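Residue-level structure breakdown
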Amino acid sequence: MPSLDVALVRALEPWAERVRSRAPLPLCICWGDEPSAAVYLCAPPHEPTVRLTLRSPKALPALLSPSLESLGEAYVEGHIDFEGSVSEIIDTAWRLAELAAEEGADSAAAEAAVPAPSVLDRLMQRMATAWQDRQRARHTPGADRAAIEYHYDVSNAFYARWLDPAMVYSCAYFETGEETLAEAQQKKIDHILTKLRLAPGHTLLDIGCGWGALVLRAAERFGARCVGITLSQNQYELARERVRAAGLEDRVEIRLQDYREVEGRFDRISSVGMFEHVGLANLPQYFRRIHDLLADDGWAMNHGITSTDPDDGETPYGGGRFIDRYVFPQGELPHIGTVLTTMQRGGLEAFDVENLRRHYARTLACWSEAFEARAEELRRMVDEKRFRIWRVYLAGCRWAFEHDRIALYQVLCRRAGRPARELPWSRRWMYAPASG
Ligand SMILES: C[S@@+](CC[C@H](N)C(=O)[O-])C[C@H]1O[C@@H](n2cnc3c(N)ncnc32)[C@H](O)[C@@H]1O
């Protein structure tokens, strides 16, 4: 009987040959720690730089029909291990999944019997309606709170190990590209508050305030009176502690509150890295809520991740499904076109749009590198599964921003129907030095 290594090579060789002939990858696959044989996906004279070790037969389906979800799951569940740099591993996984999708599309196209367009249209219409109903129903305040708890309430110490000291958990702004992460996070906050023309005495609502960095800066350096809301208990506690330590309790209030429960009117509203949790079907109501909370002449900023699929599709090759299942349950990304359309439906006029995709690729590189550098310490802080999830999520999102699979937009808006004369002539104001 051949050894398991040899049997594996025999079983996988036809598939490996197909991969090598279409697009060789720097990968070798083996079984166990001391393999006597391996399957190579690179073509000579190239040597593999990534090694994938099978730990369980359960990994085989993921390998033979790879998607980012199935490979991610196999890694998270401990059915496979990788050796090599995490960014190269992610790149290899994307290329495997892409190749499998292409092969699947080739054979599906050959087999498909295409129904009449009218039948297809009706079916798609019904599916879209059913999908929207389901999505709206799943974003109850209770379900959203549980999803937030899952992601953000891991522990503050865990996040503190790989975020910047202010613990800003959103895309930074590298004005020159020379900044450290901490500097770029502060510049991002200043960029937002300057864009908002935040002035002393203004009231500011920060929806999804995280650990409080933006409201602290808005009160301290811009003289605003701020309310920050979050659904995460851990964030709420630390943000309040920080407000107390900064002596800003009279100017900053942190609340454990859902955006749907806030009342009152504010001169300025910021929402930074939060609207990804809202759900596509709820976007018009979310923007309507911002409209209702905004003073007549108020300004708001929505800063968030978007899909680059014009039909609001999830990140391809199972990447979106992996994120939904393991990282951000309930998270959904619209295309920037949908952001603008739903803003308008919510009664808001978008008047400035900036794409910061490059900045998020760099931010994620910083987070992922910090995570890798402290891997052993982080591994001891959480269980192995969570460690693996966060590890591939950070490296995977970095890849996705690098390769235009997702993007980051800042959109400034105000109540629709206001006079044109209130708008600035140019974008010069947003590059003025931050006040204070
Ligand atoms: C990625 S974090 C961004 C935090 C912060 N803005 C920053 O830049 O560091 C997302 C934030 O949105 C908050 N959030 C998500 N859904 C929310 C909801 N329905 N109501 C209020 N806050 C929410 C989370 O609690 C978290 O604070």
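Each value, and the rule that gives it
Each chain carries its own residue numbering, running from 1 in the direction its sequence is written. Owing to the predicted nature of the model, reporting of local features is limited to residues with pLDDT of at least 70; listing and counting of side-chain atom pairs is limited to 80 or more, with chain, interface and lining totals taken over all residues. Think of the side-chain values as coming from all heavy atoms in the structure, minus any hydrogens and water. Residues are labelled near a given molecule or strand when at least one of their non-hydrogen atoms is within 4 Å of it. N or O atoms within 3.5 Å of each other form a polar contact, as long as, within protein, one can give a hydrogen and the other can take it, and as long as residues adjacent in sequence are counted only when both atoms are side-chain atoms. Method for areas: the Shrake-Rupley scheme with a 1.4 Å probe, in which residue coverage is limited to the protein chains shown. For the purposes of this entry, the term helix denotes a DSSP run of H or I that reaches at least four residues, the term strand denotes a run of E that reaches at least two, and both are numbered from the N terminus. Put simply, Ala, Val, Leu, Ile, Met, Phe, Trp, Tyr, Cys and Pro go in the nonpolar bin, Asp, Glu, Lys and Arg in the charged bin, and everything else, Gly too, in the polar bin. UniProt positions are given in the numbering used here, feature names are shortened, and annotations may be inferred rather than shown by experiment. When DSSP finds at least two bridges between two strands, those strands are taken to pair. Helix axes are fitted only over the stretch in contact, all axes being lines through C-alpha atoms; the angle between N-to-C directions runs from 0 to 180 degrees. In what follows, residue pairs with any heavy atoms lying within 4.5 Å of each other are defined as contacts. Only buried residues count toward a nonpolar core, which is a set of Ala, Val, Leu, Ile, Met, Phe, Trp, Tyr and Cys residues joined through side-chain atoms within 4.5 Å. Burial here depends on accessible area, computed with a 1.4 Å probe over protein chains only, as a share of the maximum for the residue type. Under 20% is buried, over 50% is exposed, and the range in between is partly exposed. Where each domain starts and ends follows an automatic or database-derived domain assignment. A 1.4 Å probe defines the accessible area here, and the buried area is the portion of it lost by two parts on being joined, summed over both. Criterion for a salt bridge: a side-chain nitrogen of Lys or Arg within 4 Å of a carboxyl oxygen of Asp or Glu.

Inspection of the region around the ligand gives 21 residues, with Tyr 169, Ser 170, Gly 208, Gln 235 and Val 272 positioned closest. Contact distances for the ligand include 2.6 Å between an oxygen atom and a side-chain N or O atom of Gln 235. Out of a free accessible area of 590 Å², the ligand has 95% covered by protein chains. At the level of secondary structure, the elements contributing two or more residues to the shell around the ligand comprise α6 (141-152) and β6 (225-230). Class assignment of the residues belonging to the shell around the ligand gives a composition of 10 nonpolar, 9 polar and 2 charged.

With that settled, the discussion passes to the UniProt feature "domain: DUF7884" (unreviewed entry) in the chain. The feature "domain: DUF7884" (unreviewed entry), as annotated in UniProt, sits at residues 47-98 in this numbering. For residues 47-98, helix accounts for 54% and strand for 17%, while the C-alpha atoms at its two ends are 22 Å apart.

With respect to topology, 7 strands assemble into an open sheet ordered β7-β6-β5-β8-β9-β11-β10, the strand pairing being mixed. Two strands close off the open sheet at either side, each with one partner strand: β7 (252-256) and β10 (348-355). When strand polarity is set aside, the average angle formed by the axes of neighbouring strands in this sheet is 15°. With respect to the sheet, helix α13 (residues 336-345) is in contact with β9 (294-307), β10 and β11 (406-415), its orientation differing from that of β10 by roughly 160°.

It is characteristic of soluble globular proteins that their nonpolar side chains tend to be buried jointly. Counting 78 residues, the largest nonpolar core has Ile 29, Tyr 159, Trp 162, Tyr 169 and Trp 390 as the members making the most contacts within it. If you count residues domain by domain, this core takes at least three from each of domain 1 (4-145) and domain 2 (158-431). What Tyr 169 contacts, discounting residues up to four positions off in sequence, is His 151, Tyr 152, Tyr 159, Trp 162, Leu 163, Trp 211, Phe 328, Tyr 360, Trp 367, Trp 390 and Tyr 393. Within the second largest apolar cluster, 30 residues are counted, among which are Leu 198, Leu 216, Tyr 236 and Met 430.

Here we take up the domain arrangement of the chain. According to the domain assignment, the chain consists of domain 1 (4-145) and domain 2 (158-431). Its C-alpha centre places domain 1 at a distance of 31 Å from the equivalent point of domain 2. If you look at the interface, domain 1 gives 30 residues, while domain 2 gives 38 residues. Buried surface at the junction of domain 1 and domain 2, summed over both partners, amounts to about 3000 Å²; 55% is from carbon and sulfur atoms. Counting across the interface, domain 1 meets domain 2 through 7 salt bridges. Between domain 1 and domain 2 we count 20 residue pairs in polar contact (both at pLDDT 80 or more) in total. Taken together, the elements giving at least two residues each to the side of domain 1 that touches domain 2 come down to α3 (68-76), β4 (80-83), α4 (86-111), α5 (117-138) and α6. Of all the elements, α4 adds the most residues to the side of domain 1 that touches domain 2, at 8 residues.

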